[in-house]
Amino acid sequence: MTSRDTSSFPRYEADEAPETRVALGLGVQSAILAITPIALFPIVLARSTGASDASSDWAVFAMLVISGLATIVLAYRFGPIGSGMLMVPYPSPTAIPFCILAFQQGGPTTLAALIVVYGILQILLSIRLAFLRRIVTPAISGAILILLLVSLVPVLFQNLGEVSGDGPAYSGPVCIFVTFAVMVGLLIRGSNNWRVWASVIGIAAGSIAAVATGIYDFGPVERASAIGLPQEGWPGFSPTLGASFFSLLPVFLFLSVIGVLQGNSIILATQKLSWRRAGAMDYRRVQGATLGAGLANVLAGLAAVMPLTISPRGVAFAQQTGCASRQIGVITGILLIVVAFFPKAWSLLLGIPAPVVAIYVLVLVGPLIVEGMKLIIQDAPDYRVSLVIGTAIVVGLGLQSGLISLPVGEVWEAILQKALTSGGAVLVLLTFYAEFRRQQRQRIRLNLHMDELPKLNEFMRQFSSRQGWSTQMTTRLQAVAEETMQILIESRVSNGIGERNRLVVDVTRSGQTAELEFKSGAGSEENVEDQMALLSQTMPVGAESEVPDMEILIEREASLRLLRHFASSVNHKQYFDVEIITARVLPPTG
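Residue numbers run consecutively from 1 along every chain, following the written order of its sequence. Restriction of local features to residues with pLDDT of at least 70 applies here, the model being predicted, together with a cutoff of 80 or more for giving and counting side-chain atom pairs; totals for whole chains, interfaces and linings are based on all residues. Excluding hydrogens and water, the side-chain figures rest on all heavy atoms present in the structure.

A. Quick peek at the overall build of the protein. Each helix is a run of H or I in the DSSP string that is no shorter than four residues. Each strand is a run of E no shorter than two, and both are numbered from the N terminus. A count of helices and strands for the protein gives 21 helices and 7 strands. Any residue under 20% of the maximum accessible area for its type is buried, any over 50% is exposed, and the rest in between are partly exposed; the area is computed with a 1.4 Å probe on protein chains only. Buried residues in the protein amount to 55% of all 590 residues. Across the protein, every contact between residues at least 6 apart in sequence was considered, and the portion connecting residues at least 24 apart equals 82%. With residues, only the protein chains shown are counted as cover, and all accessible areas are computed by Shrake-Rupley using a 1.4 Å probe. Within the structure as shown, the protein displays about 25000 Å² of accessible surface, and the carbon and sulfur contribution to it stands at 62%. Any two residues whose heavy atoms approach within 4.5 Å at even a single point are treated as in contact.

Shown next, in the form of structure tokens:
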């Protein structure tokens, strides 16, 4: 169970709308900062594959439009799609080398088909996200976030030394110093109003220094038209399912799974920063966001451009500005779509030197390492989980360094030499291995009705007896099982859902601790973790008469208090199709 302390951060929660002037200012800033990577990565891909200028223009146009639409969709919740939070999807830098390979081996039609399959798998994983519940936890997500940043940092440091143009040798270091000094100075010493614009001011200062030293590239601006959309460049969607497609299909499926895990990590971190009161993680928001990202990737495949991934930009933006309002996401998405029709506008940002962009990203993502650590600590992992996380990070760091040469093909070697993909693979494999190797797992299936309680109690008694546990431990197990079943039933009755679900109960032994998992169909919006955190709050005098059914409320509170007493920890995960309550039970002391 996590702390539910209330703080003054963020200034604007996800569901709050800033004043119009503030919202427009923040939306413009967010869009400006998003345009550069969204436009830059497709150009890198196009240039690497020898594509024409028309293809490059189409790729940038399509990526801006698709990213804008995805940002708007993620900011709302259209049924199961969307998260209701500020998130900006970017082109996936991890996928660039494999997109280049697919383009070279099979052309744009093969690449388009692979990305469509990439998106479809993300949609399927999003729908069945509960299957990945052992992996999509705050602790594992924190590790994925750290691995993502470990993969990113070497690329950024490499870009710090890439200086184009005829400027003097000191031009790169000067631009780096100016950008870093202005951004960090405003973020540390500036007021809230100045911190909001720290990133834009830092990039502007670095660009001015680049112009002064002669390394700013005005070429993209000179070549771009003032307004309009590409008349050609889209190759059409006629998927070629030849040998190249099937040889690269496993790679893109693997990248799709890693993309889902990366997105989940960022979504959980975004949730943590989007509300002042810390509460239980809502995995329906995670499902909605990954589902929206999957649909965006299907659209990207149809447009024959590279896949997108949920970026950490929203988390960093909320940290810097104190604003997590989803309204900023809507404004950002609209501006991205509008800017797509003005090539002069987005090409102006492409002239910014690589060192300026790299130092901006370094300052932006640096604090996210701490957010990853917070997610791990918040989940209070046991030794088994700590061992899995530590091993994955160490393996990712080791392979990222390139000190080990693996006896695999060129494609898989490129995958495994990235900390995110290699460490992520180790994380997934070890987690599944640890789960499948857990001993003494037993299961019972019941109807979610109190008439089934005797069967559940007998099941708990037999399990405890087989473990050689005491009568007191048996009583604890039965008490936790009874109160959890009672809570699930009461939440459905009070919300008019009824007792029509099936209940699956798994019991697992870990040392002297028992873990009880209760899985049933989707229930109400109420979360048991949040309800238990509110038990200490007293009801105002006279409020009892305003409660429709005080008897049900009292019974539910009694069940929550008993559950909190007998269980050492309780975790409640809610998905669109299922909800899962996990309780750990320790043996009585003495």
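From this point on, the discussion continues.
B. Fine view of the packing of helix α5 (residues 171-189) against helix α14 (residues 354-378). Contact geometry of α5 with α14 gives a least axis separation of 9 Å together with a crossing angle of 30 degrees. Considering the angle they form, α5 stands roughly parallel to α14. Crossing hand, α5 versus α14: right-handed. Only P355, V356, I359, Y360 and V363 of α14 make contact with α5, whose side of the interface consists of C175, I176, T179, F180, M183, V184 and L187. The axes used here are C-alpha line fits, helices contributing only the stretch in contact, and every angle between their N-to-C directions lies in the interval 0 to 180 degrees. If an angle is under 35 degrees, it is roughly parallel; if it is over 145, roughly antiparallel; if it lies from 65 to 115, roughly perpendicular; otherwise it is oblique. Working rule for handedness: look at the near helix, and if it is turned counterclockwise from the far one by less than a right angle, call the crossing left-handed; if clockwise, right-handed.

C. Highlighting the pairing of strand β5 (residues 513-521). With 8 of its 9 residues buried, β5 lies for the most part within the structure. Following DSSP output, two strands are said to pair if at least two bridges run between them. Examined bridge by bridge, strand β4 (residues 502-510) and β5 share 8 bridges and lie antiparallel to one another. Looking across to β5, one finds that V505 is bridged to F518. Hairpin geometry of β4 and β5 is characterised by an intervening segment of 2 residues between the two adjacent antiparallel strands and by a positive phi of about 70 degrees at G511. Bridge count between β5 and strand β7 (residues 578-585): 8 bridges; the pairing is antiparallel. Each bridged residue has a counterpart across the sheet, and for F518 the counterpart in β7 is I581.

D. View of the side chain of E483. Structurally, E483 is set in helix α19 (residues 471-494). With sequence-adjacent residues up to four places away left out, E483 is seen in contact with S559, L562 and L563.

E. Broad picture of the environment of L249. Within the secondary structure, L249 is located in helix α9 (residues 243-274). A relative accessible area of 17% means that L249 is categorised as buried. Sequence spacing of L249 and Y118 is 131 residues, and the spatial spacing of their C-alpha atoms is 8.8 Å. Excluding residues within four positions of it along the chain, L249 makes contact with L114 and V117.

F. Fine view of α14. Over its 25 residues, α14 extends 36 Å from the first C-alpha to the last, a length consistent with the 36 Å expected when each residue adds 1.5 Å. Remark: the principal bend of α14, roughly 25 degrees, maps to V363, with a proline, P367, within the next four residues. A helix's residues, less one, multiplied by 1.5 Å, set its expected span. Consider a residue and the seven residues that end there alongside the seven that start there; fitting an axis to each set, the bend is the angle between those axes.

G. View of helix α13 (residues 343-350). If you check which residues of α13 are buried, you get P343, W346, S347, L349 and L350. One side of α13 carries all its buried residues, which in axial view fall inside an arc of 150 degrees. When we speak of the arc, we mean the arc of directions from the helix axis to the C-beta atoms.

H. Focus on the pairing of strand β6 (residues 569-574). In this structure, β6 lies alongside β7, joined through 6 bridges in antiparallel fashion. Residue S569 lies in a different strand from β7, and its bridge partner there is R584. Adjacent in sequence and paired antiparallel, β6 and β7 are bridged by 3 residues.

I. Fine view of the pattern of salt bridges. Salt bridge, as applied in this entry: a Lys or Arg side-chain nitrogen positioned within 4 Å of an Asp or Glu carboxyl oxygen. Following the criterion strictly, the structure yields 9 salt bridges and no others. Residue E16 is joined to R276 by a salt bridge in which the shortest nitrogen-to-oxygen separation is 2.8 Å. Of this pair, E16 sits in the segment before α1 (20-48) while R276 sits in the loop between α9 and α10 (283-302), and the two are 260 residues apart along the sequence. For E16, a relative accessible area of 28% gives the class partly exposed. The shortest N-O distance in the salt bridge between E458 and R461 comes to 2.6 Å. Here the residue E458 and the residue R461 both occupy positions in helix α18 (residues 453-467), the gap between them amounting to 3 residues, near one helical turn. Classification of R461 by relative accessible area gives partly exposed; the value is 38%.

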